[in-house]
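Each chain, written out:
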Amino acid sequence: PGGLALQNSSRASTATALRLGARRVTDSVHVWQSISFICVLRSLLTSCVYVSHMILLSYFGAEFAIGNVVRRILRIIREEIGNRGDEDADAAGDGGDGEDAAPKPAVAVGSNGPALYSFLDSAPAASESFREIQIVAAKQHIVQGIRDLVDELESMQVEIADQALEYLHANEVVMTFGYDKVCLDFFLSAAKKRKFEVVVVEQAPDCKGHLMAKELADANVSVTLITDAAAFGIMARVNKVIAGTHAVMANGGLIATSGVHMIALAAQKHSVPFVVCAGLYKLSPLYPYDQDTFNLLGNPNEALPDKHASGISEDVSVLNPKYDYVPPELVSLYITNMGGQSPSYVYRLLAEYYHQEDYEI
């Protein structure tokens, strides 16, 4: 599971949303009717948190996107608790107790609710109790909210790629680091109408940039493959850097593949814009404190194979960090599935997508 988390955050996020939706929100109406309505929603909230802990443990805490998707689903449930609680209070104010009040048709959530909510089916028959109507409507809202979230995750790469012509111009020289599927689709989308050159940094020791260069060349994009050490020297010829990321942190910084920090520093030194392509499912409410806060160490044999290690003192430690932390002052712009966003705007996105109580799960 850890390998899947590191390589396919989009698929891991979609699988998380589907798993939570299938296991915790599709209980029968009869079970939901067995206890107080608001207690049902609160119990559902607790269950989702428990399942999310199990999922996160299976990925060794390496995949931020899984926790972010869980937070999005928890916000859907919390919004439903708030909206249904308000309806109960209104019913009590009108002299009803919510149980014996006259049946009312289920209505869509008002303007204060997120766009995730909509109905799956028609409202229950008028002969059903008001409480049963509430239960069915709440269940429909939550299920539809999760389905809309899954649709957003599946269309994220296309929505980012569709913006390529706004940021890539004819005859530009663009640098990228290693292999990133979102960046690849971004370049291929722009290449349909414009000619430009991509300088690919190979990303040692994995050298995944070789695959990036090959796929771009197969699409007739002009490509130059360089070593990591050559990035600073080439940066003076580059118009902008476009890179992917593993996570966007609460302060506007990012956790990216090891080596990206070096590229960002070189870009700053040469006054080259450093642009990051990232879906909003990578937005995390966590704060990094240094380069080691959310890092992982890979197999040292990748950096120093055994065949080259003979004769080296045993006192030598070989470290192979998987990630770099890039502070927000080095990032010029985030290109997300909701358009371009400044690093200083991340705090507003956090308030829009997550509930503050779910920042730590």
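Just so it is clear, the structure is predicted and the values come from calculations on it, not from any experiment. (Residues numbered from 1 in each chain as written. Predicted model: local features only at pLDDT ≥ 70, side-chain atom pairs only at ≥ 80, totals over all residues. Heavy atoms only, no water.)

1. Concerning the overall build of the protein chain
For the protein chain, the count of helices and strands is 14 helices and 10 strands. The proportion of buried residues among the 361 residues of the protein chain is 49%. Sequence-distant contacts, at least 24 apart, represent 80% of the contacts inside the protein chain between residues at least 6 apart. As displayed, the protein chain offers around 17000 Å² of accessible surface, 52% of which is attributable to carbon and sulfur atoms. (Helix = DSSP H or I, 4+ residues; strand = E, 2+ residues; numbered from the N terminus. Buried < 20%, exposed > 50% of the residue type's maximum accessible area, 1.4 Å probe, protein only. Contact = heavy atoms within 4.5 Å. Areas by Shrake-Rupley, 256 points an atom, 1.4 Å probe, with all protein chains shown as cover.)

2. Let's talk about the pairing of strand 2 (residues 197-201)
Most of strand 2 is tucked away, with 5 of its 5 residues classed as buried. Looking at chain direction, strand 1 (residues 173-177) and strand 2 are connected through 5 bridges and run parallel. Along strand 2, the bridge assignment pairs Met-175 with Val-199. Both strand 2 and strand 3 (residues 222-226) contribute to a ladder of 5 bridges, which runs parallel. Bridge assignment links Val-198 to a residue of strand 3, and that residue is Val-223. (Pairing = 2+ DSSP bridges.)

3. Considerations on helix 11 (residues 260-269)
The set of residues buried in helix 11 consists of Val-260, Ile-263, Ala-264, Ala-266 and Ala-267. The buried residues of helix 11 occupy an angular sector of 160 degrees when projected down its axis, which confines them to one face. Ser-271 sits one or two positions beyond helix 11 and adopts a positive phi of about 55 degrees. (Arc of directions from axis to C-beta.)

4. Some words on the side chain of Thr-176
Assignment of secondary structure puts Thr-176 in strand 1. With relative accessibility at 1%, the residue Thr-176 sits in the buried group. Once residues within four sequence positions are removed from consideration, Thr-176 is found in contact with Cys-183, Phe-187, Val-198, Val-199, Val-200, Val-201, Met-212, Ile-242 and Ala-243.

5. Examining empty space enclosed by the protein
A complete count under the given rule lists 1 cavity of 30 Å³ or more for this structure. Roughly 70 Å³ of internal volume is contained in the largest cavity. In terms of lining residues, the largest cavity is bounded by Val-248, Ala-278, Gly-279, Leu-280, Leu-283, Tyr-334, Thr-336, Gln-341, Val-346 and Leu-349. Going through the elements one at a time, strand 9 (333-336) and helix 14 (346-353) are the ones with two or more residues in the lining of the largest cavity. (1 Å grid on protein atoms, 1.4 Å probe; cavity = no way out; pocket = protein on both sides within 12 Å on 5 of 7 lines; lining within 4 Å. Points joined across faces, edges and corners; volume = space filled by probe spheres on them.)

6. Regarding the packing of helix 8 (residues 181-191) against helix 9 (residues 209-218)
Think of two packed helices as two axes; the pair is described by the angle between the axes and how far apart they sit. It is at 11 Å that the axes of helix 8 and helix 9 come closest, and there the two elements cross at 20 degrees. Here helix 8 lies roughly parallel to helix 9, going by the angle between them. As for how helix 8 packs across helix 9, the hand of that crossing is right-handed. Every residue of helix 9 that contacts helix 8 at Cys-183, Leu-184, Phe-187 and Leu-188 is listed here: Met-212, Glu-215 and Leu-216. Considering only residue class, the contact of helix 8 with helix 9 consists of 6 nonpolar, no polar and 1 charged. (Axes fitted to C-alpha atoms, helices over the stretch in contact; angles between N-to-C directions. Parallel < 35°, antiparallel > 145°, perpendicular 65-115°, else oblique. Left-handed = near helix turned anticlockwise from the far one by under 90°. Nonpolar A, V, L, I, M, F, W, Y, C, P; charged D, E, K, R; others polar.)

7. Regarding the sheet that holds strand 8 (residues 323-326)
Read from one edge of the open sheet, 3 strands run 5-6-8, paired in antiparallel fashion. At either end of the open sheet lies a strand with only one pairing partner, and these are strand 5 (247-248) and strand 8. Here 4 bridges tie strand 6 (residues 254-257) to strand 8, and the two strands are oriented antiparallel to one another. Across the sheet, residue Leu-254 finds its bridge partner in strand 8, namely Val-326. Along the sheet face, helix 11 touches strand 6 and strand 8 and points at about 35 degrees away from the line of strand 8.

8. Looking at the packing of aromatic side chains
Working definition: an aromatic ring pair is given by the centre-to-centre distance plus the angle between the planes. All told, the structure shown has 2 aromatic pairs when counted by the stated rule. Measuring from ring centre to ring centre gives 6.4 Å for Phe-186 and Phe-187, while their planes differ by 70 degrees; the resulting arrangement is edge-to-face. No difference in accessibility class separates Phe-186 from Phe-187, as the two residues are buried. Note on Phe-187 and Phe-196: the rings are 6.4 Å apart at their centroids and 45 degrees apart in plane angle, and the pair reads as tilted. Just as Phe-187 is buried, Phe-196 falls in that class too. An aromatic cluster is defined as three or more aromatic residues linked by ring pairs; in this entry it consists of Phe-186, Phe-187 and Phe-196. (Phe/Tyr/Trp six-rings, centres within 6.5 Å; stacked < 30°, edge-to-face > 60°.)

9. Structural notes on the pattern of salt bridges
For the structure shown, the criterion picks out 4 salt bridges. In this structure, the salt-bridge partner of Arg-72 is Glu-152, at a minimum N-O distance of 2.9 Å. With Arg-72 in helix 5 (residues 64-93) and Glu-152 in helix 6 (residues 130-161), this pair connects stretches of sequence that are 80 residues apart. According to the relative accessible area criterion, Glu-152 is buried, its value standing at 18%. In this structure, Glu-172 engages Lys-240 in a salt bridge whose closest nitrogen and oxygen atoms are separated by 2.9 Å. With Glu-172 in the loop between helix 7 (164-167) and strand 1 and Lys-240 in strand 4 (residues 240-243), the pair connects residues that are 68 residues apart, well separated along the chain. For Glu-172, a relative accessible area of 13% translates into the label buried. (Salt bridge = Lys/Arg side-chain N within 4 Å of Asp/Glu carboxyl O.)

10. A look at the state of the cysteines
Evaluated as defined, the whole model comprises 0 disulfides. This cysteine, Cys-183, is not joined by any disulfide, and Cys-277 carries the nearest cysteine sulfur, 4.4 Å off. (Disulfide = S-S within 2.5 Å.)

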